[in-house]
Amino acid sequence: MVWNLGPEALQKAISPLFLPAWRFYPQVDSTNDAALAWAWAGAPDGALVVAGEQTRGRGRRGRRWWSHPEAGLAFTIVARPLDGEEKAAARFTAWGAVALVEVLTALGVDAAVKWPNDVLLNGRKVAGVLAEAVWRGERLEAVVVGVGVNLAPQAVPPPEAVDFPAASVADGLGHAPARWDFLARVLTRLAWWRPRLRSEAFLRAWEARLAYRGQQVQAGEAQGMLLGLEADGGLRLQKGGAVQVIYALTGHLRPLS
Ligand code: BTN
């Protein structure tokens, strides 16, 4: 890779997007941690935290997120919930995943959302989303939505370090996309969906991009045919004549065949 990865190149890539505020850290423990601290300190809706490199990236359920200084992309957006959005918390995770899948699809690769928070490319995980809430008493002050993407093969963790097959965008595309250009594309889709997060259109876009629809899956203890989504983000599975709705997973959602 011979990308220009410095803050000037980042500024050039994202300046057409008119972000309210952004911070670039050449090295940071976790962009989610930096965004959580900034959210407590008053970061505006849409504020962006970008890492050159993360040293302690976090994934769902306490897992580690491997970050590569050049071959990966790690960023977090601060969202200030609008009225009613506190009841639709699952949509913030989906927001990141749907935006990523749309960008990958537009680049010509076969991508899908693996419920609840992963992005697959040809069946392998290339990205993950970690949404975390900032509560002040009963009030949801902010949600930070962190996105990690394996752009090039060097970012893919070794098989023994992951519990689901992983790959990079380059594996599908034939080359790694330029980091800040890819970021700008994802931010553009995020900005488009932001005011539409509570809409039926967003739910349909999310559902249409779900991996394994119509297939038999294992979802934690449950098994069944993946039907789609409830409006609150629950995953609908059919087993025999009954429909079961899943809200949390202990492991990964997997196809049974
Ligand atoms: C997962 O796969 O479980 C979610 C991974 C999320 C990783 C991203 S990288 C940017 C942001 N900062 C973090 O510490 N985690 C998220």
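The structure we're discussing is the one just above.
From a predicted model like this one, the values you see are computed outputs, not experimental measurements. Each residue is numbered by its place in its chain's sequence as written, counting from 1. Selection of residues for local features in this predicted model requires a pLDDT of at least 70, selection of side-chain atom pairs for listing and counting requires 80 or more, and totals for whole chains, interfaces and linings are taken over all residues. Note that the side-chain values use all heavy atoms of the structure and ignore hydrogens as well as water.

**Regarding the site of the ligand**
We call a residue near a molecule or strand when any one of its heavy atoms sits within 4 Å of it. Ser 30, Gln 54, Arg 58, Arg 60 and Lys 125 are the nearest of the 21 residues found near the ligand. Residue Ser 30 places a side-chain N or O atom 2.7 Å away from an oxygen atom belonging to the ligand. Two N or O atoms count as a polar contact when they lie within 3.5 Å, although within protein this holds only if one can serve as hydrogen donor and the other as acceptor, and sequence-adjacent residues are included solely when both atoms are side-chain atoms. At 3.4 Å, a side-chain N or O of Asn 117 approaches an oxygen atom of the ligand. Here the accessible surface of atoms and residues is derived via Shrake-Rupley with a 1.4 Å probe, and residues count as covered only by protein chains that are part of the display. Taking 410 Å² as the accessible area of the ligand by itself, protein coverage stands at 99%. When contributions to the shell around the ligand are tallied by element, the ones reaching two or more residues are α2 (31-40), β3 (72-79), β6 (124-136) and β7 (139-150). Here the shell around the ligand is built from residues that sort into six nonpolar, 11 polar and four charged. Secondary structure elements are taken from DSSP: a helix is a run of H or I of four residues or more, a strand is a run of E of two residues or more, and numbering for both begins at the N terminus. Throughout this entry, Asp, Glu, Lys and Arg are counted as charged residues, while Ala, Val, Leu, Ile, Met, Phe, Trp, Tyr, Cys and Pro are counted as nonpolar. The remaining residues, Gly among them, count as polar.

**Overview of the pattern of salt bridges**
Throughout this description, the term salt bridge denotes a Lys or Arg side-chain nitrogen within 4 Å of a carboxyl oxygen of Asp or Glu. This model, assessed by the stated rule, comprises 17 salt bridges. Arg 136 is the partner of Glu 141 in a salt bridge, and the nearest nitrogen-oxygen pair spans 3.4 Å. Glu 141 sits in the buried class, given a relative accessible area of 17%. Only protein chains enter the calculation, and the probe is 1.4 Å; a residue is then buried if its accessible area is under 20% of its type maximum, exposed if over 50%, and partly exposed in between. Assessed through its relative accessible area of 43%, Arg 136 is described here as partly exposed. In the salt-bridge network here, residues are joined through shared partners; they are Arg 80, Arg 136, Arg 139 and Glu 141.

**Describing the packing of aromatic side chains**
Any Phe, Tyr or Trp ring, taking Trp's six-membered ring, that has another such ring centre within 6.5 Å forms a pair; planes under 30 degrees apart are called stacked, those over 60 apart edge-to-face, and the others tilted. Evaluation of the coordinates by the stated rule reveals five aromatic pairs. With centroids separated by 4.7 Å and ring planes inclined at 85°, the aromatic side chains of Trp 192 and Trp 193 adopt a geometry described as edge-to-face. The class of Trp 193 is buried, set by a relative accessible area of 5%. Centre to centre, the rings of Trp 193 and Phe 202 are 5.3 Å apart; their planes meet at 75°, and the pair counts as edge-to-face. Taken together through their ring pairs, the aromatic side chains of Trp 192, Trp 193, Phe 202 and Trp 206 make up a single cluster. Two conditions define a charge sitting above a ring: the NZ of Lys or the CZ of Arg must be within 6 Å of the ring centre, and it must be within 35 degrees of the ring normal. Between Lys 114 and the ring centre of Phe 164, over which it is positioned, the NZ or CZ distance is 4.4 Å.

**Focus on the sheet that holds β3**
A pair of strands counts as paired when DSSP detects no fewer than two bridges linking them. Here seven strands make up an open sheet; going across it, the order is β1-β2-β3-β7-β6-β5-β4 and the pairing mixed. Each edge of the open sheet is held by one strand with a lone partner, namely β1 (22-28) and β4 (111-114). Sheet twist, expressed as the average angle between the axes of neighbouring strands with direction ignored, equals 20°. Here β1 pairs with strand β2 (residues 48-54) via six bridges, running parallel. As a rule, the C-alpha atoms of each element are fitted with a line to give its axis, helices using only the stretch in contact, and angles between N-to-C directions run from 0 to 180 degrees.

**With respect to helix α3 (residues 90-106)**
To estimate how far a helix should extend, the number of its residues minus one is multiplied by 1.5 Å. Counted at 1.5 Å a residue, the expected span for α3 with its 17 residues is 24 Å, and the 24 Å between its end C-alpha atoms agrees. Immediately downstream of α3, the backbone of Gly 108 shows phi near 100°, a positive value.

**Quick look at the sheet that holds strand β10 (residues 235-239)**
Spatial strand order, β11-β10-β9-β8-β12: five strands in an open sheet with antiparallel pairing. In this open sheet, the two edge strands, each paired with only one partner strand, are β11 (242-246) and β12 (254-255). Relative to β10, strand β9 (residues 222-229) runs antiparallel, the two sharing four bridges. Within the sheet, the bridge partner assigned to Gly 228 lies in β10 and is Arg 236.

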